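Summary of structural features
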Amino acid sequence: NAGVTQTPKFQVLKTGQSMTLQCAQDMNHNSMYWYRQDPGMGLRLIYYSASEGTTDKGEVPNGYNVSRLNKREFSLRLESAAPSQTSVYFCASSEWRQGTDTQYFGPGTRLTVL
Amino acid sequence: AQSVTQLDSQVPVFEEAPVELRCNYSSSVSVYLFWYVQYPNQGLQLLLKYLSGSTLVKGINGFEAEFNKSQTSFHLRKPSVHISDTAEYFCAVSDPNAGGTSYGKLTFGQGTILTVHP
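The paragraphs below set out a description of the structure included in this document. Just so you know, these numbers come straight off a predicted model, no measurement behind them.

Digging into the nonpolar core
Counting 28 residues, the largest nonpolar core has Leu33, Trp35, Leu47, Leu48, Phe74, Leu76 and Tyr89 of chain B as its most contacted members. Among the elements that line this core, the one with the most residues is strand S10 (residues 87-94) of chain B, at four residues.

Topic: the side chain of Ser73 of chain B
Examined against the element boundaries, Ser73 of chain B turns out to sit in strand S9 (residues 73-78). Contacts of Ser73 of chain B, omitting those with residues within four sequence positions, involve Cys23, Asn24, Tyr25, Glu66, Phe67 and Asn68 of chain B.

A few points about the packing of aromatic side chains
Under the defined criterion, the tally for this structure stands at 13 aromatic pairs over all chains. Considering the side-chain rings of Tyr35 of chain A and Phe105 of chain A, the 5.6 Å spacing of their centres and the 35° angle between planes classify their relative orientation as tilted. Of this pair, Tyr35 of chain A sits in strand S4 (residues 31-37) while Phe105 of chain A sits in strand S10 (residues 104-105); the two residues are 70 residues apart in sequence, bridging distant segments of the chain. Take Phe105 of chain A: its relative accessible area is 10%, and that puts it in the buried class. Judged by centre distance (6.0 Å) and plane angle (55°), the rings of Tyr36 of chain B and Phe108 of chain B are tilted. In this pair, Tyr36 of chain B sits in strand S5 (residues 32-38) while Phe108 of chain B sits in strand S11 (residues 107-108), placing the two residues 72 residues apart along the sequence. The class for Tyr36 of chain B is buried, based on a relative accessible area of 0%.

Thresholds, definitions, all that
Counting restarts for each chain, with residues numbered from 1 along the sequence as it is written. The order in which chains are written sets their letters, starting at A; the order in which ligands are written sets their numbers, starting at 1. Note on the predicted model: pLDDT of at least 70 is required for a residue's local features to be given, and 80 or more for side-chain atom pairs to be given and counted; whole-chain, interface and lining totals, by contrast, use all residues. Calculation of side-chain values draws on the structure's entire complement of heavy atoms; hydrogens and water are dropped beforehand. Take the buried Ala, Val, Leu, Ile, Met, Phe, Trp, Tyr and Cys residues and link them wherever side-chain atoms come within 4.5 Å; each set so joined is a nonpolar core. Throughout, exposure labels follow a simple rule: accessible area from a 1.4 Å probe, protein chains only, divided by the maximum for the residue type, with under 20% read as buried, over 50% as exposed, and the rest as partly exposed. Comment: elements are numbered from the N terminus, with helices defined as DSSP H or I runs of at least four residues and strands as E runs of at least two. Note on definitions: a residue-residue contact is assigned when non-hydrogen atoms from the two residues lie within 4.5 Å. Pairing of aromatic rings covers Phe, Tyr and Trp, the last through its six-membered ring, and needs centres within 6.5 Å; plane angles under 30 degrees mean stacked, over 60 mean edge-to-face, and all others mean tilted.

Set out below in structure tokens:
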């Protein structure tokens, strides 16, 4: 099993450009998450999807949109990138039932917005 | 809303010395607690978790953590560290009683960078 995969690994954008970060998991998990990681701030939740067909805002949703394409895939879109969105983005998945709260993380996407 | 505070942003230590990484959380109700490790340029992987039962939890790579409800703490310890333990460590909390689509959401601390020197 590949676990959680993310593409691309690295990306450089100019201010105002758009892009979509892709995430897929092969563990048949119901829940998927997008985080951003910034130095000294830990991981902050951008959006999450508790199950196929549902999405909810996290702590820092402004400037982002998401799509839960199917049970496996959860994409994150930046419509008009800003320098403040320079960060490392992580996707995660988990099984949504009591006692199995472990989230499994992808390798991350390093995004630089110039 | 829950919050997690990792009391040290950086912890330098010599190889084979013991280490403790401190974590406090805000909630006074039931919580699930986690420690994740992030090696350089990699994603996060689970070290250990507390869901219920024994307050001393053992994880991978010789790490353990103790849940202290009265002090709302979940400190991570290792009796003898190796160079390979150099990484960033994150404490996280979730609410097992969260309803609806909020179930399973994690709140992370700011991270502690552990540097093991030879």
